[in-house]
Every structure is written in C-alpha cells, then in structure tokens.
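# Fold and geometry: a report
Now for the letters of each chain:
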Amino acid sequence: MSFVAEFNSLPLAALVKRSLGTDSAAVRETLTRDRLSLADFAQLISPAAGVALETLGQRSQQLTRQRFGKVIRLFAPLYLSNECINNCKYCGFSRDNPILRVTLTVDEVQREARALAAQGFRNILLVAGEHPKFVSNGYLAECVAALHAEIPSVSLEVGPMEADEYRPLVTAGADGLVVYQETYDRAIYDDLHTAGPKKNFDWRLETPERAYTACFRRIGIGALYGLADWRYEALCVAAHADYLLRDCWKASLTISLPRLRPCAGEFEPLTHMTDRELVQLVCAFRLMFPDVGLVLSTRESAKLRDGLFPLGITLISAGSHTEPGGYTGAGKENIHQTVRGRIVDVGASEWATPTNGNATNATGQFNIADERSADEVAKLIQSLGYEPVWKDWDAALTT
Ligand code: SF4
C-alpha cells in the first residue's frame, strides 16, 4: 500500500481538533512516553504544549545531542535552472512570472560547484525548476557525473520522475532526493497549482517512494508553511515520515521546515506560523523522530537560526543563492526574459537579482533572510560549542 492510501484514511481533522483542545496535563503525560504516536505528536504541537516550550526545548536538545552529537552539517543549494513549466502561485519561478531566466551549462555548473567547494562545502543540493526541454534527465545526469568526482555528496531537488528515470541519476552519483509536498491540503494544493504536471497531488505524494525504489540513499520531505494550517501540515509530514521510516527504512530521512518568503509574483502567505510555533515544531519533530535529520535553510533570519541550531536542527544551508549562477556569475550571457512562458527580449525586470559584482541577475526563487557567508555561519556554530561538518558522513563511509 502506498502512502497515498494511508494518507487518505488518516483522521486528520480529528487530530487537529485534538491538538487544539488538549490541556497541559495531557501534554505532561505525553512527555513521559518513550515512543510517540501520531496522536501524541498532535499533543506536542498543541497550544498547550506551546506554553511548555522550555521543557520541550530541553528534551529536544538533549535527544539531538544524544543521537547526533554536537555537530551541525552544512550544505549549499546550487541552482541549475529557473525555467519551469508549472504555475505554482507561491513560487518566483512560476511559468507566468515575467522573470529573467537561465539554464547553466554543465561547465558552468562545475564552476559554481568549485566556488562552493572553495568555501568548504562537500554536500551540494542541485535545484532546478521543472522543464523537460531545458532540464532533461540526460542534462541532470551529466551535471551529477561532472560533480561526483569532486563533491562527495550530491542531492537533487528537481521535478518528480518515474523510478526508471531516477536510476541513471543514482548511477551518475546522486545520493539524495528532496521533494516537498508544499501543502498536504488537497483543495489548497489544487488552487495553488494552476498549470503543469505538478497539479497531480498523488503523483507528487508518491515521489519519495519512487526515489527509494531507484535506490536513493537519502530522502528529504517537508511542507511549505504559509499555505495551509501549520498544525495540519505538520501532522501530515509526521504521518508521511512515519510511513517512510517503516516502508523505506534503508534510506535516511530528513524533514525540512521552510516558511514562505517574498518572491516574484508577490504571493501573500495564506496562513501564518510564528517564530515560536516554528521552534515548537522543531522540538516536536525531534521528540517524535529522534533519528531523523531536521533541515533549516536561509529562509529564516540569522537570529532565529542561531537560536534553533542547538535545539534539534542537524543540517543547514548557508551563504545561499537562489538564482542560477549566483556564486560565480556563470550563465550571464544566456539570460533571457519570459512572459507567460514565451521568450522575449531582455528588458528591465523588477525581479532581477542585484549583480553584486560577479553574480548573474537571473531572478532568484525567493529572497533569503540569513545573508551571512558560510564562513560566518561556521564560526557562529563553533562559538555555540558545536562542530560545523562540511562532508556528509554517510557518503564518507561508503566511498
Ligand atoms: S515550485 Fe517548483 S515546480 Fe513550482 S514554479 Fe517553482 S520551481 Fe516550478
């Protein structure tokens, strides 16, 4: 049975209701348990548990140190292309947005990767919009193969594929696949994805299973907070993670907690999740899944990230650019503008990324909040008594 069948039978409305209605005595009782169920997780993300955030934070920190040690792993996103055939209302790369686009050549990708390696990164996430013409399977395999010799850990965040289409990417050296459901609310999902293959909710929901079939060793999931009620989304992510830990147990699992950021198209969040609620959710995921990696990106401010690192986060990005060519200016000559998916002469775009000397001005996916360099973030991690780890341990053990 795939997760879709299990998802369809989850009592989600009842669990959200239970979460909203729980009291501090029930939360205390939940905190005495060693193994937690989805109903227990609903207690941990409740308003009542929010009042006991300090206790939650202490437990989460303790558990994280026990399971992962005092280390924070670093990775960098490397954007290959911002072409996309999908219209996702909340994304800067959405097909109909009149933005500046480019797809890097394999040589340019290598230049970007070397610039990241020079900063210390050995764990790179290749990100691309979904556009079979520009971002074909063959192109992705070439990019992975070109990087594999120099970068020990290469993961992908690209348009979902069939297991057979993933296999050449694994063979080329990709070890991880990240796919966010964005929102687990079917009605909101349908409304936000107005055109393109991404409209198919179930196909996306089954992507981690296809990735596992294709032998990716690391799988990342998550919801984009700001689209549906955060407690509903968190319950769905927890149920999804629970399923993958049972059915795809040979892969290591990570959960990301991205919140919406400003981007081209100026989409306004439909729901709000406070900083305090994000902290609570990190702790709840840690207590529910002691061995799962928790990922935090530069979408969050430096101040909030610094506070969250010791509480349960195990993997972070730093010094990120969300536009192709952002680290070296690669691809500058091939930038073009699209209006409703059609290429037009390059004009001034209010969404052009400032060139800052060497970056391209292709449009980024979203504005980042933590603008510190990777080196600054690594030093901060050290000042907290943690070790910044640039190389992925699993890959190191198997290569
Ligand atoms: S979220 Fe992904 S699929 Fe949707 S427009 Fe952005 S890049 Fe394309």
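Basis of the calculations
- Numbering of residues begins from 1 in every chain and follows the order in which that chain's sequence is written.
- With the structure being a predicted model, the display of local features is reserved for residues of pLDDT at least 70 and the display and counting of side-chain atom pairs for 80 or more, all residues being used for whole-chain, interface and lining totals.
- Computation of side-chain values covers all heavy atoms of the structure but excludes hydrogens and water.
- Any carboxyl oxygen of Asp or Glu within 4 Å of a side-chain nitrogen of Lys or Arg constitutes a salt bridge here.
- Helix and strand definitions follow DSSP, with helices as H or I runs of at least four residues and strands as E runs of at least two, each counted in order from the N terminus.
- Burial here depends on accessible area, computed with a 1.4 Å probe over protein chains only, as a share of the maximum for the residue type. Under 20% is buried, over 50% is exposed, and the range in between is partly exposed.
- For two strands to be treated as a pair, DSSP must find at least two bridges joining them.
- Here, the term right-handed applies to a crossover whose path from the first strand over the helix to the second runs clockwise when the strands point away from the viewer.
- We call a residue near a molecule or strand whenever a single non-hydrogen atom of that residue lies within 4 Å of it.
- Charged means Asp, Glu, Lys or Arg here, nonpolar means Ala, Val, Leu, Ile, Met, Phe, Trp, Tyr, Cys or Pro, and polar covers whatever is left, Gly included.
- Whenever a pair of cysteine sulfur atoms sits within 2.5 Å, that pair is classed as a disulfide.

## Here's the deal with the pattern of salt bridges
Within the structure shown, the criterion is met by 21 salt bridges. Of the charged contacts, one joins Glu-6 and Arg-246 as a salt bridge, the two residues approaching to 2.8 Å between their closest N and O atoms. Residue Glu-6 is located in helix α1 (residues 3-8), and its partner Arg-246 is located in helix α13 (residues 230-247); the two are separated by 240 residues in the primary sequence. For Asp-306, the salt bridge is made with Arg-372, and the minimal N-O distance between the two is 2.9 Å. In this pair, Asp-306 sits in helix α15 (residues 302-308) while Arg-372 sits in the loop between β13 (342-344) and α16 (374-383), placing the two residues 66 residues apart along the sequence. The class for Arg-372 is buried, based on a relative accessible area of 16%. Residues joined in a network through salt bridges with shared partners are Arg-305, Asp-306, Asp-370 and Arg-372.

## Some thoughts on the pairing of strand β9 (residues 252-256)
Counted residue by residue, β9 has 4 buried out of 5 residues, so it is predominantly covered. Two strands pair when backbone bridges link them, and strand β8 (residues 218-222) and β9 are joined in this way by 5 bridges, in the parallel orientation. Residue pairing across strands places Ile-219 opposite Leu-253, the latter belonging to β9. Handedness of the crossover joining β8 and β9 through α13: right-handed. On the question of chirality, the crossover connecting β9 to the parallel strand β10 (residues 293-296) by way of helix α14 (residues 275-288) is right-handed.

## Quick notes on the site of the ligand
In the neighbourhood of the ligand, the contacting residues comprise Cys-84, Asn-86, Cys-88, Cys-91, Phe-93, Ser-94, Gly-129, Lys-198 and Gln-365. The residue inventory of the shell around the ligand, partitioned by class, reads 4 nonpolar, 4 polar and 1 charged.

## Notes on the state of the cysteines
Scanning the entire structure with this criterion turns up 0 disulfides. You can see Cys-143 has no disulfide; the closest cysteine sulfur is in Cys-84, sitting 16 Å from it. Since its relative accessible area comes to 0%, Cys-143 is described here as buried. Sulfur of Cys-236: no disulfide; nearest cysteine sulfur belongs to Cys-248 and is 18 Å away.

## A few points about the sheet that holds strand β12 (residues 336-339)
Read from one edge of the open sheet, 3 strands run β3-β12-β13, paired in antiparallel fashion. Each edge of the sheet is formed by a strand with only one pairing partner; in this case those strands are β3 (100-101) and β13. With 3 bridges joining them, β12 and β13 adopt antiparallel strand pairing. Following the sheet pairing, Thr-338 is matched in β13 by Ile-343.

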